[in-house]
Amino acid sequence: MNYYSLNHNAPKVSFKDAVIKGLAPDKGLYFPEIITPLSNSFFEDIDTLSYSEIAFQAIKQFVTPEIPEEVLKTIIEETLSFDFPVIELNNHISTLELFHGPTMAFKDVGARFMARCLGYFNQNNSNEVTVLVATSGDTGGAVANGFLGVKGVNVVILYPSGKVSDIQEKQLTTLGQNIRALEVDGVFDDCQDMVKQAFLDKDLTSKMQLTSANSINVARWLPQLFYFIFAYKQLHNTYNDITFSVPSGNFGNVCAGMMAQQLGLPIKHFIASNNANNVVTQYLKTENYQAKPSVQTISNAMDVGNPSNFIRIQEIYKNKFENLKMNLSSFSFSDTETREAMLEIYNNFNYISDPHGAVGYLGCKAYLKQHPNAHCVFLETAHPTKFLDVVEEVIKTKVALPEQIQSVMHKEKVATKISSYEELKVFLLHT
């Protein structure tokens, strides 16, 4: 499989080179040259397939021959070492729980898959690779855990000071070994801009091999299509019209769901559920894409003012606005509405949602007003205890900390504070 840059001014590359480079030389995101739908029999027989068998068939075309099939099967087995349950709240709304991995966030899948791919590519390489990643919350912890101890790989995580939860910060600043954290005086978009600038800085790239583990990287982004197919397997015998409501920040997750649809997954529609950072919601109303500075909300992982992956979504639909609107709805909700939804979910269904999942739930409700026969699945993207202060304040109930969270709570934070790209550059060159 070859990958091309969405800026169309760079050579095509293999999966291996797309993973190692992260971003194309012309600043474009990589996109697969061909998407071959899976056979009809794959979906007809899906009840007989394990999650690992489903994932192997779904991802194989995108990563072979650079990763041999037997190696790929092992990578998938190690990546999918936890469950992806669908919890039905009523006949119209379910939630897909994506927080059963080691850092209790949906990004565990992509981070673990990418870490193992990069480890395979780097196994006989004497040169070290530096994974440079910006996080608005859960990416940092998932990447830190996924890459911890991987031979020949150093990880540098940039996160916005005071704008991630305490638990999220602990997960990305306490592991040590090959993981280092930079606390940035700014917002997520500042972190992301620094990462992109570093990739284009020849002073850096001539001295070190940089790659990214944000969803701009194809190995972080593509495996997220797995769990849309897993959810379909659990629901298709009961419901016909399945729609996914995806809490959306950098738009990698909903974009991965659309890739599953391109593979033949019989899903008619997606909902991008936004907080106050509603660039795409406005775009679908006006056909005018206007990036803007991000604003801080209680669903902080979605605080993105210029989502990187939206260009991939446009590519999937050949940049035809009407085709995109047929497949994607988007709604935006305030923090007040989010808190009210968290309380409603708890009171009506005895279910504890995190703020991001609550935004997804609100997207379901908005969509079902116009499409009452649909069954809408919102993604519960992180365990509620990762946002303990907000959750407990809203539902007025103490929430028990799971083992994954307890294990980091009392560890000492280690982070270097920076406020400019020049400070990042000095850090990378001299540490």
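In this report, the structure presented in the accompanying data block is examined. (Residues numbered from 1 in each chain as written. Predicted model: local features only at pLDDT ≥ 70, side-chain atom pairs only at ≥ 80, totals over all residues. Heavy atoms only, no water.)

## With respect to the overall build of the chain
Test applied: Helix and strand definitions follow DSSP, with helices as H or I runs of at least four residues and strands as E runs of at least two, each counted in order from the N terminus. Contacts between residues were defined by any pair of non-hydrogen atoms, one from each residue, lying within 4.5 Å. Only the protein chains shown count as covering a residue, and every accessible area follows the Shrake-Rupley method with a 1.4 Å probe. Only four residue types enter the tally: Lys and Arg on the positive side, Asp and Glu on the negative side, with His and both chain ends excluded. Charge coordinates come from a single atom per side chain, which is NZ of Lys, CZ of Arg, CG of Asp or CD of Glu.
Within the chain, the regular secondary structure consists of 20 helices and 14 strands. Principal-axis analysis of the C-alpha atoms gives the chain an extent of 55 × 50 × 45 Å. Summarising the internal contacts of the chain: among those between residues at least 6 apart in sequence, 76% fall at separations of at least 24. For the chain, the exposed area adds up to about 16,600 Å²; of that, 47% sits on carbon and sulfur atoms. Computed over 35 positive and 45 negative side-chain charges, the separation of the two mean positions in the chain equals 4 Å.

## Structural notes on helix α20 (residues 421–430)
Definition in use: Any residue under 20% of the maximum accessible area for its type is buried, any over 50% is exposed, and the rest in between are partly exposed; the area is computed with a 1.4 Å probe on protein chains only. What the arc covers is the set of directions going from the helix axis to the C-beta atoms.
Burial in α20 covers these residues: Tyr421, Leu424, Lys425, Phe427 and Leu428. Along α20, the residues classed as buried sweep out an arc of 160° about the axis, all on the same side. Facing away from the buried side of α20 by more than 90 degrees, the exposed set consists of Glu422 and His430.

## Some thoughts on the pattern of salt bridges
Close approach of charged atoms allows side chains of opposite charge to pair. So the rule is basically this: What counts as a salt bridge is simple: a side-chain nitrogen of Lys or Arg found within 4 Å of a carboxyl oxygen of Asp or Glu.
Here the structure, examined in full by the defined rule, presents nine salt bridges. Note that Lys425 is salt-bridged to Asp201, the shortest N-O span being 3.2 Å. With Lys425 in helix α20 and Asp201 in the loop between α8 (188–199) and α9 (202–205), this residue pair connects regions lying 224 residues apart in the sequence. Its relative accessible area of 12% is what places Asp201 among the buried residues. Between Lys425 and Asp203 there is a salt bridge, with the nearest N and O atoms lying 3.0 Å from each other. One end of the pair, Lys425, is in helix α20; the other, Asp203, is in helix α9, with 222 residues separating them in the sequence. Taken together, the shared-partner salt bridges connect Glu169, Glu183 and Lys413 into one network.

## Notes on the sheet that holds strand β3 (residues 30–32)
The strands that make up a sheet pair up through hydrogen bonds in the backbone, lying either parallel or antiparallel. The cut-off we apply is this: Any two strands with at least two DSSP-identified bridges between them are counted as paired.
Spatially, β2-β1-β3 is the arrangement adopted by the three strands of the open sheet, whose pairing is antiparallel. Two strands close off the open sheet at either side, each with one partner strand: β2 (13–14) and β3. Alignment of strand β1 (residues 2–5) against β2, held across two bridges, turns out to be antiparallel. The residue of β2 that forms the bridge with Tyr3 is Val13.

## Observations regarding the side chain of Ser94
Put simply, the test is: Polar contact is defined as a pair of N or O atoms within 3.5 Å, subject to the rule that within protein one atom must be able to donate a hydrogen and the other to accept it, and that residues adjacent in sequence are counted only when both atoms are side-chain atoms.
Mapping Ser94 onto the fold places it in strand β5 (residues 93–97). On the basis of relative accessible area, Ser94 is assigned to the buried category, the value being 0%. Here the side chain of Ser94 touches His375 through a polar contact of 2.7 Å, side chain to side chain. The residues contacting Ser94, other than those within four sequence positions of it, are Val86, Ile87, Glu88, Leu89, Leu235, His375, Cys376, Val377 and Phe378.

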